[in-house]
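# Per-entry structural report
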Amino acid sequence: MISGQKLARFLAHRPGRVHAFALGLLLVCGLIVGLRWRFNSDVLDLFPAHFDSVRVWKVSNKEFAQGRALTFALHDETGEVDLDGFAQYFGEALRREPWVVRAMDQLPLGDENAMAQAQTLLLPLLMNCPPEEFAQVAAALQPDAIRERIAKTMARVKAGSFRDEHFGLAVDPLGVLAPAFRQLGSSGVEQSFSLTSPDHKVQLVLVVTNQDDLGAHASQEMMRQVDGFRRRVLAGWEGPKPEVLVTGRTAYVGELSVIMRTDIITTLIGSALLVSVVFWLGFRRVRPLVAILHVLLLSCVMAVGLGAAVFHELNMITIGLCSILIGLGVDFGMMLYSIYEIERGAGCSHEEAIGTALRTQGRSVIFGALTSAAGFFSHVFSGCPGFAQLGVLICFGILIAAALMMTVFFVSIGRDVRPRVSDPLRAGGERFVHWVFAGPRRILIPATLVLLLGCAFAAAPLRPLLFDANPRTLEPPNSSAGRALRLITERFPGFGEQLLVLLEAHSAEETHAHWTKLQTEWAKLVERGELKQTSILAGALVLSPKNVEANAAVLARAVNVPAARDTLAAALTEADAQPLPGASALLDALSAISAGDRALLDWRQRLPASSTWWFLVDQFFGSDPNVTAGFVRPTEKVTTFAQKERLRELLARSTGDVPYHLSGWNYTLQDLVRWAKGKMVELSAIMIAFNVVLLGVLYRRAYPIAVLMVSLALSFGAMLASLKLLGVALNLFNVLAFPLVLGIGVDYGIYVIGAMGAAGRHERATANVVKPVLLSGLTTVAGFASLGLAHNPALQGLGIVCALGVAWCLFATLCFVLPAYALRGAR
């Protein structure tokens, strides 16, 4: 390994080569970032991928049309707006937009055009009936049955029956579609599908767009068109206007991707400014500050470049890496520059000062970088892709920053150093160290009592530590898409409480059989009151080849279609009624099916793309015909892991080996909360073990390891007490800050013990590092505190927890580790 003196000689006499190497790295990494870097604003990619419920969500977004769907909420609390009229006007305007594939402002059963298209779905439903039910169809198509049906229907129409006129004659004049309607009714679809809130203050309008690319840029462009449309349509409406909100995946992605770019700029600038202020107050030097910022910029670009090469994209958590890296990376520069400045002030040359700085602090910088990097790298074991990515990138960045601070930084500060006339901060540090060495107990005992008091409060049942699992912790404050979703959730009972049931099969026959079994068994649970509702349409619309062929054989054998057509015409003439084109079309279709034509049953091809029936079937059918979905609604909201497990066991009890999968926000949340709390303990334990091993390699003695680990434990307890006192709630993601605090917090103790030496008697050397340790801690706190400028609550929470934890570790280093080691030296 190259010695500090040899490295110092190379840096002092070959600065051009170092600059050229750094410039080459900057260009390569910058090119990688420019070509491969993009944002991933999908919230689901933050969740641990190993949970089946999370995987189901991702499959649902990928395979189902909801990825391109938008939901408009027309909201009026005053009661002055004609919401029905505005919804019709809004829907008509939407259908004229070039980016709209289809729009629905009223349910299909209330839409004349949709009812005319109903046969496209009803015919497959009819032919998919169990053969024993289809026997009723054959009986209804016999001549005597047709004559009787027409006569009774016309008699009721003449008596003023609205239902027979608009349904009996228009939709099912032959009375053969009853089995199809029964299947549609037993699916529970109509019960779970409503566009008007019970209080009539919110009206929904559903839209599917022509957005092919679901990425950030395409979503932003789509939302620009949506916002323009909203302004135009509101301007064109005369009279009181409702509030028009919109939500959906595109709305969230478009909103979050813009916020992510803003967060990168604000947190980076905020961190750089705070770090610069702290450095200026400590050293009053411009060129070293510029050199440090130059190295930090290079470290950030290299870390992002490595991340772009490995991951190809940055998620909404990883965008905080630059501000964190600035706060951490500057520590190494200040520790080294502080010694360098002291040596130059003592008359040493540029090369000698570099050599002394590397010799006295290089080992501490390396081990400090390793502990901090390990704290972030531990997130690889979290199972959460977002935090694993953040951990790997900052791990790279910290190690790169440490290496560059020991090389590029020294060739960037120049050879000329103006001696400091006075350094109040260093003088204050010297007086503090002298005071500690003169009587270690007078600072050790009060500090220990403060830390113990914090630990006691953290462990006490007073004012419990909050854990917030609300989904709002994942979205920016004042999110318009989030507000729309919350409004819909509040005003539509049961919205968001239903569970998604995903079924991935290998064939249509298998899909039909599985859904039939699930529907039969779960209907019994609804009857017994153990489930509130089921919505399963896939079993009826996924054609069973066995049922279709059996029913087609019954048609060919038992029904004389020409005779049925003649009987219908005669019955209508006798009743003095107009011809019924729908009935004739149905007879023609049944005749073609009995002759072997199956194209009429392909509802995917025959249903017009603009049909509102797609909004119904899209919930249940993915782009892959073998990927289908259903919904179940439990009797109560799932709020605990025990409830979730009971529900899972209830649904699985009678369904045998049907390979279905469950998801839903409240359902998945119970797994995520359990995961977050478990990972907090697991990763913290890993970091504690790593710290003990690394400190054992560094010191090979029990006392410094014991002092540092006790200091870390006390700091950790004080951090928890601060979180309780300040009312800072933990959430699904900021609990992962705990292993970071354990990794970063031990660094300052390493610097202090390294300066004090084995015996703990080196007062002058200790005084030399107190100032940079204090400044390093403040810059790290500033780096994490700058995350408070982000709009992402998960990132804000991470920054607050880490800033509090690092602040307590800094306090414990100066007021516990330092006097504890000084006391041992005095003995």
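What comes next is a walk through the structure. (Residues numbered from 1 in each chain as written. Predicted model: local features only at pLDDT ≥ 70, side-chain atom pairs only at ≥ 80, totals over all residues. Heavy atoms only, no water.)

## Considerations on the overall build of the chain
Broken down by element type, the chain carries 34 helices and ten strands. Taken over the C-alpha trace, the chain has a radius of gyration of 35 Å; the compact-globule value for 827 residues is 28 Å, which it surpasses by more than 25%. Dimensions along the principal axes, computed over C-alpha positions, put the chain at roughly 120 × 55 × 50 Å. The buried share of the chain, reckoned over its 827 residues, is 57%. The contacts of the chain with a sequence gap of at least 6 include a subset with a gap of at least 24, amounting to 83%. Distance from the positive charge centre (73 side chains) to the negative charge centre (67 side chains) of the chain: 16 Å. (Helix = DSSP H or I, 4+ residues; strand = E, 2+ residues; numbered from the N terminus. Rg over C-alpha atoms; globule rule 2.2 N^0.38 Å. Buried < 20%, exposed > 50% of the residue type's maximum accessible area, 1.4 Å probe, protein only. Contact = heavy atoms within 4.5 Å. Lys, Arg positive; Asp, Glu negative; His and termini not counted. Charge placed at Lys NZ, Arg CZ, Asp CG, Glu CD.)

## What about helix H13 (residues 249–283)?
Given a rise of 1.5 Å per residue, 35 residues ought to cover 51 Å, and the 49 Å separating the end C-alpha atoms of H13 matches this to within 8%. Two residues or fewer after H13 comes arginine 284, characterised by a positive phi angle close to 50°. (Expected span 1.5 Å × (residues − 1).)

## Concerning unusual backbone geometry
Leave glycine aside and you will find that most residues have negative phi; peptide bonds, for their part, are mostly trans. With phi around 60°, histidine 200 is a residue other than glycine that occupies positive phi space. A positive phi angle is found at arginine 463, which is not glycine, with a value near 45°. Relative to the elements of secondary structure, arginine 463 occurs in the loop between helix H20 (441–459) and helix H21 (480–491). Exposure remark for arginine 463: the relative accessible area of 48% places this residue in the partly exposed category.

## What about the environment of leucine 336?
Its location among the elements puts leucine 336 in helix H15 (residues 321–345). Judged by its relative accessible area of 0%, leucine 336 is buried. Counting along the chain gives 440 residues from leucine 336 to serine 776, while the straight-line C-alpha distance between them is 11 Å. Discounting residues that sit within four places of it in the chain, leucine 336 has contacts with Ala357, Leu358, Gln361, Val365, Met405, Met406 and Phe410.

## A short note on the pairing of strand S4 (residues 202–209)
With eight of eight residues buried, S4 lies mostly within the body of the structure. Of the two faces of S4, the one carrying Val202, Leu204, Leu206 and Val208 and the one carrying Gln203, Val205, Val207 and Thr209 are both buried. Of the strand pairs in this sheet, strand S2 (residues 69–75) and S4 are connected by seven bridges, and their pairing is antiparallel. Bridge pairing in S4 places threonine 71 opposite leucine 206. Note that strand S3 (residues 100–104) and S4 share four bridges and pair antiparallel. In the sheet register, valine 100 faces S4, and the bridge partner there is threonine 209. (Pairing = 2+ DSSP bridges.)

## Concerning the packing of aromatic side chains
All chains considered together, the criterion is met by 22 aromatic pairs. With a centroid separation of 6.0 Å and an interplanar angle of 80°, the aromatic rings of tryptophan 99 and phenylalanine 229 are classed as edge-to-face. Of this pair, tryptophan 99 sits in the loop between helix H4 (83–95) and S3 while phenylalanine 229 sits in helix H12 (residues 216–235); the two residues are 130 residues apart in sequence, bridging distant segments of the chain. Given a relative accessible area of 2%, phenylalanine 229 falls into the buried group. Taken together, a centroid distance of 5.5 Å and an interplanar angle of 40° make the contact between tyrosine 703 and tyrosine 821 tilted. One end of the pair, tyrosine 703, is in helix H31 (residues 702–726); the other, tyrosine 821, is in helix H34 (residues 793–826), and 118 residues separate them in sequence. Among the residues examined, tyrosine 703 registers a relative accessible area of 29% and is labelled partly exposed. Taken together, the ring pairs in this structure connect Phe72, Phe86, Tyr89, Phe90, Trp99, Phe229 and Trp237 into an aromatic cluster. Just above the ring of phenylalanine 457 sits the side chain of lysine 724; from NZ or CZ to the centre is 4.9 Å. (Phe/Tyr/Trp six-rings, centres within 6.5 Å; stacked < 30°, edge-to-face > 60°. Lys NZ or Arg CZ within 6 Å of the ring centre and 35° of its normal.)

## Quick notes on the pairing of strand S7 (residues 499–504)
For S7, the buried fraction is high: five of the six residues fall into the buried class. Taken together, the six bridges between S7 and strand S9 (residues 627–634) define a ladder with antiparallel strand orientation. Paired with leucine 500 across the two strands is phenylalanine 631, which belongs to S9. As paired elements, S7 and strand S10 (residues 660–663) share four bridges and run antiparallel to each other.

## A word on the packing of helix H3 (residues 52–63) against helix H30 (residues 665–699)
Between H3 and H30, the least distance of the axes is 9 Å, while the angle of their chain directions is 140°. By the criterion of interaxial angle, the relationship of H3 to H30 is oblique. Residues Ser53, Val54 and Trp57 of H3 touch H30, and the partners they reach there are Trp665, Tyr667, Thr668, Asp671 and Leu672. (Axes fitted to C-alpha atoms, helices over the stretch in contact; angles between N-to-C directions. Parallel < 35°, antiparallel > 145°, perpendicular 65-115°, else oblique.)

## Quick word on the sheet that holds strand S5 (residues 243–247)
The sheet built from four strands is open, its strands ordered S3-S4-S2-S5 with antiparallel pairing. In this open sheet, the two strands that pair with only one neighbour each are S3 and S5. Each strand of the sheet is rotated relative to its neighbour by a mean of 25°, with strand direction disregarded. Packing of H4 onto the sheet brings it into contact with S2, S3, S4 and S5, and relative to S4 it is tilted by some 10°. Running at roughly 165° to S5, H12 makes contact with S2, S4 and S5 of the sheet.

## What to know about the packing of helix H24 (residues 545–558) against helix H26 (residues 581–594)
The geometry of H24 relative to H26 is characterised by a closest axis approach of 8 Å and an angle of 105° between their N-to-C directions. As far as their axial angle goes, H26 and H24 are roughly perpendicular. Across the interface between the two elements, Ala552, Leu555 and Ala556 of H24 pack against Leu590, Ile593 and Ser594 of H26. In terms of residue class, the contact of H24 with H26 is built from five nonpolar, one polar and no charged. (Nonpolar A, V, L, I, M, F, W, Y, C, P; charged D, E, K, R; others polar.)

## Structural notes on the sheet that holds S9
The pairing of strands in a sheet comes from backbone hydrogen bonds and takes either a parallel or an antiparallel form. Strand order across the open sheet formed by four strands is S8-S9-S7-S10, with antiparallel pairing between neighbours. Looking at which strands have only one partner, the edges of the open sheet turn out to be strand S8 (531–535) and S10. Averaged over all pairs of adjacent strands, the angle between strand axes in this sheet comes to 25°, irrespective of strand direction. Docked against the sheet, H3 engages S7, S9 and S10, running at close to 95° with respect to S10.

## Side note on a nonpolar patch on the surface
There is a patch of nonpolar side chains on the surface, built from Val277, Trp280, Leu281, Val286 and Val290 and spanning about 470 Å² of accessible area. Turning to its location among the elements, leucine 281 is positioned in helix H13. Since its relative accessible area comes to 52%, leucine 281 is described here as exposed. (Patch = residues over 30% accessible without salt bridge, like charges linked within 9 Å, V, L, I, M, F, W, Y side chains within 5 Å. Areas by Shrake-Rupley, 256 points an atom, 1.4 Å probe, with all protein chains shown as cover. Salt bridge = Lys/Arg side-chain N within 4 Å of Asp/Glu carboxyl O.)

## Some thoughts on the nonpolar core
Ranked by size, the top nonpolar core spans 146 residues in total, and within it Phe410 and Phe784 carry the most contacts. In terms of residue count, H34 provides more of this core than any other element does, 20 residues in total. Contacts of phenylalanine 410, omitting those with residues within four sequence positions, involve Leu11, Leu336, Tyr340, His350, Ile354, Ala357, Leu358 and Met405. Among the nonpolar cores identified, the runner-up in size contains 78 residues, and Ala180, Ala540, Val548 and Val627 belong to it. (Core = buried A, V, L, I, M, F, W, Y, C linked by side-chain atoms within 4.5 Å.)

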